[in-house]
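Here's the letter readout for the chains.
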Amino acid sequence: MSFDFDGQRAVVTGAAGGIGRAVCLSLARAGARVLAVDLSAEAGEDTADLVREAGGEALFVAGDVSLPETHASYAKAAADAWGGIDIFMNNAGWQGEILSIIDYPLEVFDKVMAINVRGVFLGLKTVLPVMVAQRAGAVVNTASLASHIGSRNLAPYAASKHAVMGLTKSAATEVARKGVRVNAVCPGPVDTEMLRDIEAGQSPDAAEALRAKRAASIPEGRYAEATEIADLMMYLVSGHASHITGQGIHINGGAYGI
Ligand code: NAD
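What you see as residue numbers is a count from 1 along each chain, following the sequence as written. Only residues with pLDDT of 70 or above have their local features reported here, since the model is predicted, and side-chain atom pairs are shown and tallied only from 80 upward, although totals for entire chains, interfaces and linings are computed over all residues. Computation of side-chain values: all heavy atoms of the structure, hydrogens and water removed.

Asker: For this particular structure, what's the right way to read the nonpolar core?
Answerer: Burial of nonpolar side chains together is a common tendency in soluble globular proteins. Think of a nonpolar core as a cluster: buried Ala, Val, Leu, Ile, Met, Phe, Trp, Tyr and Cys residues, connected wherever their side-chain atoms sit within 4.5 Å. Note on classification: 1.4 Å probe, protein chains only; a residue is buried when its accessible area is under 20% of the maximum for its type, exposed when over 50%, partly exposed between these limits. The biggest cluster of nonpolar side chains holds 35 residues, and the ones touching the most others in it are Phe5, Val12, Val23, Leu27, Met89 and Met233. Numbering of helices and strands runs from the N terminus; a helix is a DSSP stretch of H or I covering at least four residues, while a strand is a stretch of E covering at least two. Among the secondary structure elements, those contributing two or more residues to this core are strand 1 (9–13), helix 1 (18–29), strand 2 (33–38), helix 2 (41–53), strand 3 (58–62), strand 4 (87–90), strand 5 (137–142) and helix 8 (226–237). Considering each element in turn, this core owes the most residues, 8 residues, to helix 8. Throughout, a residue-residue contact means that at least one pair of heavy atoms, one from each residue, lies within 4.5 Å. In contact with Val23, not counting residues within four places along its chain, are Val12, Met89, Ala230, Met233 and Met234. Core analysis: the second largest hydrophobic core is formed by 29 residues, Leu128, Val139, Val182 and Ala184 among them.

Asker: Would you mind showing me how to read helix 1 here?
Answerer: It helps to recall that an α-helix has 3.6 residues per turn; residues three or four apart then point in one direction. Each residue after the first adds 1.5 Å to the expected span of a helix. With 12 residues, helix 1 should cover 16 Å at 1.5 Å per step; its first-to-last C-alpha distance of 17 Å lies within 8% of that length. Within helix 1, 9 of the 12 residues are buried, which leaves the element mostly enclosed by the surrounding structure. Within helix 1, the full set of buried residues consists of Ile19, Gly20, Ala22, Val23, Cys24, Leu25, Ser26, Leu27 and Ala28. Against strand 1, strand 2, helix 2, strand 4 and helix 8 lie the buried residues of helix 1. Backbone geometry just after helix 1 places Gly31 at a positive phi near 100°.

Asker: In this structure, what is going on with the side chain of Gln95? I would like to understand it.
Answerer: If you trace the backbone, Gln95 turns up in the loop between strand 4 and helix 4 (106–134). Overall, Gln95 belongs to the buried group, its relative accessible area being 7%. If we ignore the near neighbours within four places in the chain, the residues touching Gln95 are Tyr104, Val112, Leu154, Tyr157, Met194, Asp197 and Ile198.

Asker: Please clarify how the domain arrangement of the protein should be interpreted in this entry.
Answerer: Think of interface size as the accessible area that goes away when the parts come together; that is how it is often given. Each assigned domain of the protein is listed with its residue range as follows: domain 1 (9–188 + 227–243) and domain 2 (190–223). Start and end points for every domain follow an automatic or database-based domain assignment. Here the C-alpha centre of domain 2 lies 24 Å away from the C-alpha centre of domain 1. Listed by partner, the interface residues are 13 residues for domain 1 and 8 residues for domain 2. Across the domain 1 to domain 2 interface the summed buried area is about 780 Å²; carbon plus sulfur atoms make up 66%. Accessible area that two parts lose when put together, evaluated with a 1.4 Å probe and summed over both, is termed the buried area. On the domain 1 side of the contact with domain 2, Gln95, Ile98 and Glu228 bury the most area, a combined 52% of that side's loss. Any Lys or Arg side-chain nitrogen located within 4 Å of an Asp or Glu carboxyl oxygen qualifies as a salt bridge. At the boundary of domain 1 and domain 2, one finds 1 salt bridge. In this structure, Glu228 engages Arg222 in a salt bridge whose closest nitrogen and oxygen atoms are separated by 2.8 Å.

What follows is the structure, encoded as structure tokens:
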């Protein structure tokens, strides 16, 4: 499927990471202008440079998505440079610690919720008014397979990703008659830094063995590539998905019980 986002204005959070960078590059190759947002200034600037090297137009805003001022900054940058936002990939996330609920520090629970739930909520609260004023726009929140199943020693992460689905479904109903669609992607394991961190936390002495075992447990026998998640995100914000809203689309090679 080919995509044409010529001239469209896209904001991507978590743009320095595996999935965020992949979708920035895919959007740029399809003609979109890309505003990348990430906590990591250096890696975020690298994403913007890669977009430019690919022939695209890029801006970068550094910031923490759990803070309202980050959202105000990128919204202002997009308004000043381009006058609006057509595509929003509300993607930044953090896995937290790999610990049982019994051992989980409350402050880490709060941080997971601040990034994954408050951050996504603030993203919606910031971008939806822009899109509603335009009577056009599409949002993809990055949820997870963990939005639908329990995850041992990752309870705050799983809870936060369940909440992302609640936000997605609710937001979609609020803007469905205002020209704006809101969906989520629900990836299973994706070959990014986050998953390597999770594996190292789950099995500090044998992370590679855990990785191989987990990949083998997936019906397709492998993790997703970030570009495969980017393709689904692109589809969901494209005109091909014009009647899809309020959905969490699974992309997991057939894995439902890892
Ligand atoms: P990643 O670790 O490669 O990227 C995450 C990015 O988010 C990083 O660049 C990081 O700097 C940024 N980030 C973290 N906290 C931030 C904050 N407070 N403010 C701004 N930016 C922040 O991981 P990824 O796999 O690309 O993850 C992207 C999204 O996909 C996340 O929401 C994650 O939960 C979700 N996801 C990942 C997997 C997987 O297996 N990798 C599976 C399902 C869902």
